[in-house]
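# Observations on chain architecture
Chain by chain, the residues run as shown.
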Amino acid sequence: MAWETIDRNKPVTAKEAAPLLTEAIKDKIRVFFDRYETKRAVLLPALHITQEALGHVGPQAMEEIAELLEIAPSEVFDTIGFYTHYWTHPKGEKVVVACRSISCQVMGGDEVLEACKKHLGIEDHGTTSDGKYSLMTEECLAGCDHAPCLLINEKLHEKVKPEDVATLLEDANNDKIEMPRSDLYDGPPGGSVDSDSKAADAPAGE
Amino acid sequence: MPKITIDEQEIEFAAGIPVLQAALDAGLDIPHYCYHPGLTVVASCRLCLMEMKMPHPKSGELGWAPKLFPSCQTPARDGMVVRFNSETVVTGRERCMEYFLLNHPLDCPVCDQAGECSLQDYSYKFGKPESRMVDPKLVMPKKDIGPQTLLYSDRCVMCTRCVRFTKEVSGTSELCITNRGTNSEIDVFPGKPLDNPIQGNVVDLCPVGALLDKDFLFKQRVWFLQSAPSICPGCSAGCAIRVDANDDIVYRLKPRFNPGVNDWWMCDEGRFGWKYALSDERITTPRLRRGSSTKTPKWEDVSEILQYRFSQHVDEHGSGGMVVVLSPMMSCEEAWLLLSFMLKVGPNVTAVIGPILSVGEDQAFPAGSTGDETKFIIRSEKAPNRRGLEMIIDQAGCETLSFDEFVESVGDGEVSAAWIVGGYPEKTWVPKALEKAVGKLELLVAQDLFETKLTAAAAVTLPACAFTERAGCFVNHAGLIQPFESAVAPPNGCHRDGQYLYELAGYQGLYTPDRVRELMAATMSQFADVREAAPAPVHLH
Amino acid sequence: MADYEPVLLKNISLEGSTDLKVYESAGGYAAARKALKMTPDEVTEIVKEANLRGRGGAGFPAGVKWGFLPKDREVTYLCVNADESEPPTFSNRVLMEKDPHQLIEGTIIAAFATQAQKAFIYMRVEFHEPFHVMQNAIDQAYAAGYLGKNIFGSGFELDVFIHRGAGAYVCGEETGLIESLEGKRGCPRIKPPFPAVEGLFHKPTVVNNVETLCNVPHIIERGAAWFKSIGAEGSEGPKLFCASGPVNRPGCFEGPMTITCRELIEGDGYGRGMRSGKEVKAVLPGGISMGVLTADELNMVMDFDDPRNFGLLGLGTAAAVIIDQQQDIRKVLANITRFYSHESCGQCTQCREGTSWMDKIATRIADGVGRTEDLDLIVDVTKNMGMMPGLSICGLSDGAAFPIRTIVQKFRGEFEAYIAEQPPTSTLRVLSTFN
């Protein structure tokens, strides 16, 4: 071809021998099957669960999700690209989401974002070389009353000042929120995610 | 019939169609990209917007509603009044066309679609000559999305017809949209290319030059092409197609709208399966053989030679052992002419239908669909005209044998003379048993595209033409008689089968299918009024 | 409005406000018990009578929406729109984070009125704390028998699930939300059919905003007449307002829809005025999509109708961001154009191409390479996005057109001054590298 083209006839990466979606991950996804009329509707939860477990959802994971949900891999590809929260390539352990809404901008959000970039040495959607942090921006984190905001994994940091960013990013617990967790969303009641095979191995009478 | 008023014109329409279709059916050129009658409506290109008269919510008085409606999504109703010519609609459309070109590379000089591109046509007709954007354009990648198809994303208008085709018609779901907003692109899953038996239709569906057929890439400027309506001979479905050629060279086949047969589609097997016609191994001249010496007779002598050979044979052996093998690749007219000739020289001639290749089962799209869900079928019977031959042989009332029985009879020495027509794309169509037994024939006439053991052994060898070079009609699996025209001249030196068979059957002048069908209609009334099956395409773009 | 008695936020300062016991001790779930003793039509009638207009932005009466459901339906779905993505809105977050049972109770009543047996709370994924609070509250409600089978012995059955989004503003549009719930791209659907007839999984579906549903228990408990006594005709009932930006007390406040934008900024029960040294330059009073007010227009009443008198699209989410005099209006504009360009789903041509084009223009102006004619151009582009209803499938393009157009029109002098100050060659130089 005279012009450079992206070759879609071949997969992007070689396939791993072992499936990426373990039975435990699949079981977590299967919990959602009863909630919806179609398996396709489980796609968003499935992508969340997979990303939580694997860090990101690459092509092979997409294919395996497609197989589990009985849809075409292209349909997973189609949906995943629409949403900003999913990462199709590896991301850092912690994702720093800087809010760039108008409220945060007015309250100094741009400076906070710059401070994050400077401290981490990465740009928007970049990942630090040690794999610890990724940085992205979000249109609005709905924390405008405490602008400017930063979300690190689960934890929303409010009224962040550029000069605090360094300390904030060095804090080991900057991404966790302390609160009781329900196991109804993430897995079957009781928190048991034993796969069928494991259940079969369980001693008789239990 | 219900009536709708469009731009002050009262128009009759078929119930159950959207306003846009009613307008298109009436010959109005309403621009549209995402709408296609064979696909679900998404109403996303917003190019076919119209105004509509509605009762005022308070006074109940009928007036123009202060709202625009997508005409593709609005069902036409009796008495409806709509307009596409108001200032609001016209300027809205003009702006919309500007949007389509904002990020378009305007690379028409190197684009295959140029000349049949609705982005060009609509911009010319409904757009403005200049863009007001001074900022850089978005650059999108080119993608090799399958063995036959390329995608130039930066030319794409995101009508998503192609995506809907793979979801709704082929049922293979290879295509999808990635990203969102202005970064949206058509794509396939990496490593799962667009590769299904009817994928070529996405190129036809593409209203711009985004999806390209590798087979046609940079081959021809489309304005040099001349089109002839034809019928695909690939299987017994009888898809209406168009043969696009320039200077007697075929460049591509495209489907024609043919409701209830192939609708808007055709399969890749048909689309790309005609290349044998370009082969330089084709037989192009008649050939006579006596012993080991051969000679090429003049075309004007061929008739006389054949007459002589067969009369001589009948004189010596009678016509009891005479067989004509009609090929299901022949048109009805050709078959009828040949059978007429054979009956004239040997009233007891036996008619045989040549081998019919059958591959698997009928293939429905989407896979596993039945009834109305089925959008397209590739037939397992890989010949266009078995039903036509049966009609002709039935009417003639002559003895018949199956092809296998014929081969056996030749082996048993029961056949003394045969005229065997091939014309199959594959050179290997002659069964081994026939190859072996062919020496037992006193007289063999072989008519074929390529050299086979039969043509090597034949006393008279005649060239057959490819379907792109012939004219006539085929009868499809359902008994539908469909005419086709010749698109190109046969190779140098070659005459059309129809022409020499016409002369052989005792007629003079130029062979035309119409003339022959008139003769056939004397005994077979169904051939009296064979018309172009497909009307002018309802869907222009 | 010192005498305004909070309704929606009355529990939020209670100790342990997220707990079922605390909620019940404050009178919670009484309305649901009451409603489930009525017929679904009676419940709908009361909500209709109260004229509870949707709090999500469009202001469509909730009772009327419920009434659109076909009579002969078998399955009905209720979707709770908790995708709160309109900058700078955070009232749903407060409601879910501080008083989850109020939403659950509203959901139970709405589900009963619509005879939905499944409700999905579609919650944006960035809501981590609200999600855990809501899920814990749902678990509590199940354990207490308020969700699940035979609720309050009425025989009515309801399951409530949270469905987390994944980062897309347009999923806050009700049909975009439905598509997203079905595991697809969140592209809004063409209407008709409306969700009431064909929604989630092709079944009749009602989509209500969190705040709308939080009003429902109070209407049932205290009656339509009480509800209508708050506010003014056409804009009845309690309403949450947000104020953010450099005000003394940014936050989510409750009040009647009779307050003015000025009251929201300056009122004692609201924002308590600008921080020292800051003056109002502009206010985006209804989320960013409704348009902008200048400092001279703060007497606009925060109801469903008055915003139109100021060239705005509507009340929107009633979340105001106050922009102070120090802010560069060009950067404000560029922020807003980027938002819509980033969030357009890309289906409709006008929106897909228009939002990105406007962003290119606004960014260029902000970068100091603007031209005076760009101001006319950008206004002209908005005209094909929000001038006539029906130009695109959903309201996102109208939402983009209004703020952009009003900012450029109302602050044109400021833009022109910036452009005039640019070094004369800069425009030419940059533009010539493009073409």
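Higher on the page you've got the structure.
Report on the accompanying structure. (Residues numbered from 1 in each chain as written. Chains lettered and ligands numbered in written order. Predicted model: local features only at pLDDT ≥ 70, side-chain atom pairs only at ≥ 80, totals over all residues. Heavy atoms only, no water.)

## Quick look at the nonpolar core
Short version of the rule: Residues belong to one nonpolar core when they are buried, are Ala, Val, Leu, Ile, Met, Phe, Trp, Tyr or Cys, and are joined through side-chain atoms within 4.5 Å. Burial here depends on accessible area, computed with a 1.4 Å probe over protein chains only, as a share of the maximum for the residue type. Under 20% is buried, over 50% is exposed, and the range in between is partly exposed. Any two residues whose heavy atoms approach within 4.5 Å at even a single point are treated as in contact.
Within the largest apolar cluster, 115 residues are counted, with the highest numbers of intra-cluster contacts made by A:Ile29 and B:Ile4. Not counting chain neighbours up to four residues away, the residues in contact with A:Ile29 comprise A:Leu21, A:Val42, A:Ala46, A:Ile49, A:Thr50, A:Leu68 and A:Leu69.

## Things to note about the sheet that holds strand β10 (residues 280–284) of chain C
All names here are of chain C. Using the following cut-off: By the convention used here, strands pair only if DSSP detects at least 2 bridges between them. The way it works is that DSSP assigns letters per residue, a run of H or I at least four long becomes a helix, a run of E at least two long becomes a strand, and they are numbered from the N terminus.
The five strands are arranged β9-β8-β12-β10-β11 in an open sheet whose pairing can be described as mixed. Pairing within the sheet leaves two strands with one partner each, and these edge strands are β9 (251–256) and β11 (293–294). Two strands pair when backbone bridges link them, and β10 and β11 are joined in this way by two bridges, in the antiparallel orientation. For Val 283, the partnering residue across the bridge sits in β11 and is Leu 293.

## A short note on the packing of aromatic side chains
The cut-off we apply is this: The pairing test for Phe, Tyr and Trp rings, Trp by its six-membered ring, is centres within 6.5 Å, and the orientation test on the planes gives stacked under 30 degrees, edge-to-face over 60, and tilted for anything in between.
As enumerated under the stated definition, the model contains 35 aromatic pairs over all chains in all. Both rings, one in B:Tyr99 and one in C:Trp357, keep their centres 6.2 Å apart while their planes meet at 85°; by these two values the pair is edge-to-face. Separated into two different chains, B:Tyr99 in helix α2 (residues 87–102) and C:Trp357 in helix α12 (residues 349–366) make up a pair that spans both. What makes C:Trp357 buried here is its relative accessible area of 1%. Considering the side-chain rings of B:Phe365 and B:Phe376, the 6.5 Å spacing of their centres and the 45° angle between planes classify their relative orientation as tilted.

## Focus: the sheet that holds strand β13 (residues 240–246) of chain B
Residues and elements named next belong to chain B. Condition: A fitted line through C-alpha atoms serves as each axis, taken over the contacting stretch for helices, and the angle formed by two N-to-C directions is quoted from 0 to 180°.
Ordered in space as β12-β13-β14, the three strands form an open sheet in which the pairing is antiparallel. Of all the strands in the sheet, just β12 (226–231) and β14 (249–255) have a single pairing partner and so form its edges. Across the sheet, the mean angle from the axis of one strand to that of its neighbour is 30°, orientation sign disregarded. Note: β12 against β13, six bridges, orientation antiparallel. Of the residues in β13, the one forming a bridge with Ser 230 is Ile 241.

## Here we look at unusual backbone geometry
A cis geometry characterises the amide bond from A:Ala147 onward to A:Pro148, with omega recorded as -5°. Summarising the element assignment, A:Pro148 is placed in the loop between β3 (133–138) and β4 (150–152). With an omega of -10°, the peptide bond between C:Pro87 and C:Pro88 qualifies as cis. In this model, C:Ala318 sits at a positive phi of 55°, which is unusual for a non-glycine residue.

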